Protein chains: 2
Amino acid sequence: LDRLGTVAVVGVGLIGGSIGLAVRAQGLAHRIVGVGRRAESLAEALRVGAIDEATTDLEKGVAGADVVVVCTPVGEVTTGILRAARAAGDEALITDAGSTKRTIVEAVERDRQGRRAFVGAHPIAGSERTGPAAATADLFRARVCVLTPTQLTPPDRLARARAFWESLGCRLIELDPSDHDAKLAFTSHLPHAVAAALASAVPSAALELAAGAYRDGTRVAASDGALWTAIFRENRAPLLAALDRFDEQLAVFRQAVERGDDEAVRVWWDAARACRAGFRDRPERPAVSD
Amino acid sequence: LDRLGTVAVVGVGLIGGSIGLAVRAQGLAHRIVGVGRRAESLAEALRVGAIDEATTDLEKGVAGADVVVVCTPVGEVTTGILRAARAAGDEALITDAGSTKRTIVEAVERDRQGRRAFVGAHPIAGSERTGPAAATADLFRARVCVLTPTQLTPPDRLARARAFWESLGCRLIELDPSDHDAKLAFTSHLPHAVAAALASAVPSAALELAAGAYRDGTRVAASDGALWTAIFRENRAPLLAALDRFDEQLAVFRQAVERGDDEAVRVWWDAARACRAGFRDRPERPAVSD
């Protein structure tokens, strides 16, 4: 990757702030511009060194940028991309960090200016914490970033998107947008819904007896409500399919417990344990979320 | 607590081994005897210094012990207590570390020799790891230990049980055995069942996209199947009640998602988040389980 002139980050929360810090740490750009809606977030992003300049004016912020990364909550990503596609130069690469991809990619590709500049992306890193104060330069190191190019994606933009996300430390995977959403429904959206249901189910009077299983099983229920409401909405059908499968699994367990069938409980448990054993965590990053 | 002569630990896995290490670290006893069924576990417990002497003969191992702690899987705790009550001296305190309490306490209290010596206990500490090699001297430090005395519990044994468990670093809570089981169904048994159902629900093809929410949400699905099958069996009715409440919570979420009701999803999420905020973890112990 040649050194970039300007990188514009639209949305300077945990993800946008971490992109700014990573771009700076890697020396990838001469200038990092942050675009945000709230003056406090922009001030905080400046303070932690995630951006060099701040503005609440998207059009002004992305003008002249070589790369624009839209890191707003998913419900606002499409609008951000379409506005950036009009305000940035003809050569700009526009990419995003949205947790869902199909609705975003479809909407952008219906727009001639949008599809000319855009490559969908989802760096799978985050935490239940929010805001630029939680940002770190190594948030993306060794994490998977899914790119979701389609037949309409310009090859040169795809090549530049690959180089950009790799330069932040990501390991790239390319998937169809719908395939991305179906998989993330299982690996991220379902676990978030389950964690919140678990948190709601446990009576407060029992919490003094809660330990590690509760703590870890409910950790992501501390995540931001507006953020997750939008993700669930954008990925409704795949999420409902994932919930179906989860409900089926829990029903098998319940029925085995109800009839006192130890053998069936044991078989069910061991199958779950074998599934879990197929997961290989990236050991170098202990506290990431979605 | 006066220094004890002999502490006998029946079952030298993670819990029994950690009790031995804690007793040694605190200098609480002259001698620690480990009773186990498998020679390899006993050898490992000796090797890590959790016990001074090892035997596969329970009666021989507990003879002359001042304190006997039964740390076998829950399905074998009652038998261990009743045998120890006959083989240990008249003055011995017998306690246990079983994850469920009602069935154990009821069975022991039907036995005259059993109820004379016994105080039910559940130190809420553990991990998805098993065996004496995973034992640590500080496993119980600052953790809650629930004691479940009843009207039949001899006051002197209760006083000695309090002193013993406190000396291992535990914070004591006393509960009725059924109340203990109802609460642990929510704080531990339900989270384990949910973690396993989640692990089973996620297709293996999606695992390369899994990150922190999946990792933490399924962590305890790596726990031992025989152990958990027994816990679920011993605590069937409270577990089924906890599953009911969890299912209800998840159904509320599903229905809100199905009808595209963002406001209801948001309200549900924020309520879950508020519940989770009521949990205060013991920060000094990062990796404990049930």
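These numbers were taken from a predicted model, which means no experiment stands behind them. (Residues numbered from 1 in each chain as written. Chains lettered and ligands numbered in written order. Predicted model: local features only at pLDDT ≥ 70, side-chain atom pairs only at ≥ 80, totals over all residues. Heavy atoms only, no water.)

Caption draft 1: Structural context of the pairing of strand E4 (residues 67–70) of chain A. Residues and elements named next belong to chain A. With burial as the criterion, each face of E4 is covered, one bearing Val67 and Val69 and the other bearing Val68 and Val70. The pairing of strand E1 (residues 4–10) with E4 spans four bridges and is parallel. The residue bridging Val9 from the neighbouring strand is Val69, located in E4. Pairing of E4 with strand E5 (residues 93–96) involves four bridges; the strand directions are parallel. Looking across to E5, one finds that Val69 is bridged to Thr95. (Buried < 20%, exposed > 50% of the residue type's maximum accessible area, 1.4 Å probe, protein only. Helix = DSSP H or I, 4+ residues; strand = E, 2+ residues; numbered from the N terminus. Pairing = 2+ DSSP bridges.)

Caption draft 2: Broad picture of the relation of the copies chain B and chain A. Overlaying chain B on chain A yields an RMSD of 0.0 Å, the required transformation being a rotation through 180° with an accompanying axial translation of 0.0 Å. Each copy turns onto its partner about a two-fold axis. When the interface residues of chain B are mapped onto chain A, 100% of them again fall at the interface, so both copies present the same face. (Least-squares fit on C-alpha atoms with pLDDT ≥ 70 in both. Contact = heavy atoms within 4.5 Å.)

Caption draft 3: Layout of the interface of chain B and chain A. Counting residues at the interface gives 87 residues for chain B, matched by 87 residues for chain A. Carbon and sulfur atoms supply 64% of the area buried between chain B and chain A, which totals about 7,800 Å² over both sides. Of all residues in chain B, Leu209, Trp269 and Arg276 of chain B bury the most surface against chain A, accounting for 10% of the area lost on that side. One salt bridge in this structure joins Arg254 of chain A and Asp247 of chain B, with 3.0 Å as the shortest N-O distance. Summed over the shared surface of chain B and chain A, the result is 28 residue pairs in polar contact (both at pLDDT 80 or more). At the level of secondary structure, the elements contributing two or more residues to the side of chain B that touches chain A comprise strand E8 (144–147), strand E9 (171–174), helix H8 (177–201), helix H9 (212–218), helix H10 (225–234), helix H11 (236–258) and helix H12 (262–277) of chain B. (Buried area = accessible area lost by both parts, 1.4 Å probe. Salt bridge = Lys/Arg side-chain N within 4 Å of Asp/Glu carboxyl O. Polar contact = N/O pair within 3.5 Å; in protein donor to acceptor, adjacent residues only side chain to side chain.)

Caption draft 4: Inspection of H12 of chain B at higher detail. With 16 residues, H12 of chain B should cover 22 Å at 1.5 Å per step; its first-to-last C-alpha distance of 22 Å lies within 8% of that length. For H12 of chain B, every residue scored as buried is listed here: Val265, Trp268, Trp269, Ala272 and Arg276 of chain B. Buried residues of H12 of chain B fall within an arc of 95° about the axis and therefore sit on the same side. In H12 of chain B, the exposed positions angled more than 90 degrees off the buried face are occupied by Glu263 and Ala274 of chain B. Where H12 of chain B is buried, its residues meet helix H8 (177–201), helix H9 (212–218) and helix H10 (225–234) of chain A together with H11 of chain B. (Expected span 1.5 Å × (residues − 1). Arc of directions from axis to C-beta.)

Caption draft 5: Representation of empty space enclosed by the protein within the structure. Under the counting rule described, the total for this entry stands at seven cavities of 30 Å³ or more. The volume enclosed by the largest cavity comes to roughly 70 Å³. Lining the largest cavity are Thr229, Phe232, Arg233 and Arg236 of chain A together with Ala256, Val257, Gly260, Asp261, Asp262 and Val265 of chain B. Broken down by element, the lining of the largest cavity gets its largest block of residues, three residues, from H10 of chain A. When the residues that make up the lining of the largest cavity are grouped by side-chain class, the tally is four nonpolar, two polar and four charged. (1 Å grid on protein atoms, 1.4 Å probe; cavity = no way out; pocket = protein on both sides within 12 Å on 5 of 7 lines; lining within 4 Å. Points joined across faces, edges and corners; volume = space filled by probe spheres on them. Nonpolar A, V, L, I, M, F, W, Y, C, P; charged D, E, K, R; others polar.)

Caption draft 6: Broad picture of the packing of H8 of chain A against H10 of chain A. All names here are of chain A. Contact geometry of H8 with H10 gives a least axis separation of 11 Å together with a crossing angle of 125°. In terms of axis orientation, H8 runs oblique to H10. Crossing of H8 over H10 shows left-handed handedness. On H10, the residues touching Ser188, His189, His192 and Ala193 of H8 are Trp228, Ile231 and Phe232. Residues of the contact of H8 with H10, tallied by class, amount to four nonpolar, three polar and no charged. (Axes fitted to C-alpha atoms, helices over the stretch in contact; angles between N-to-C directions. Parallel < 35°, antiparallel > 145°, perpendicular 65-115°, else oblique. Left-handed = near helix turned anticlockwise from the far one by under 90°.)

Caption draft 7: Quick look at the side chain of Lys101 of chain A. Residue and element names in this part refer to chain A. Tracing the backbone through its elements, the reader meets Lys101 in the loop between E5 and helix H5 (102–109). Reaching out from Lys101, the side chain makes a polar contact with the backbone oxygen of Gly98 at a distance of 2.8 Å. Discounting residues that sit within four places of it in the chain, Lys101 has contacts with Asp96, Gly120, Ala121, His122, Thr148, Pro177, His180 and Asp181.

Caption draft 8: Layout of the packing of aromatic side chains. As enumerated under the stated definition, the model contains 17 aromatic pairs over all chains in all. Measuring from ring centre to ring centre gives 6.4 Å for Trp269 of chain A and Trp228 of chain B, while their planes differ by 15°; the resulting arrangement is stacked. Residue Trp269 of chain A is located in helix H12 (residues 262–277), and its partner Trp228 of chain B is located in helix H10; the two belong to separate chains. Aromatic ring contacts, followed pair by pair, group Trp228 and Phe232 of chain A together with Phe253, Trp268 and Trp269 of chain B into a single cluster. (Phe/Tyr/Trp six-rings, centres within 6.5 Å; stacked < 30°, edge-to-face > 60°.)

Caption draft 9: View of the nonpolar core. Core analysis: the biggest nonpolar cluster contains 70 residues, and Leu190, Phe246 and Phe253 of chain A together with Leu190, Phe246 and Phe253 of chain B have the highest contact counts within it. Counting only elements with at least two residues in this core, the list comes to H8, H10, helix H11 (236–258) and H12 of chain A together with H8, H10, H11 and H12 of chain B. Residues contacting Phe253 of chain B, with those up to four places away along its chain left out, are Ala193, Phe232, Leu239 and Leu243 of chain A together with Val265 and Trp268 of chain B. (Core = buried A, V, L, I, M, F, W, Y, C linked by side-chain atoms within 4.5 Å.)

Caption draft 10: Spotlight on H8 of chain B. Residue and element names in this part refer to chain B. End to end, H8 covers 34 Å across 25 residues, agreeing with the expected 36 Å (1.5 Å per residue, within 8%). At Ala185, H8 shows its maximal bend, which comes to roughly 50°. Along H8, 22 of the 25 residues are buried, which leaves the element largely enclosed by surrounding structure. By the N-cap criterion, in which a side-chain oxygen at the helix start approaches the backbone nitrogen of a residue two or three places on, H8 is capped by Asp176, the distance to Ser178 being 3.0 Å. (Bend = angle between axes of the 7 residues up to and from the residue.)

All we've got here are geometric facts, nothing functional implied.
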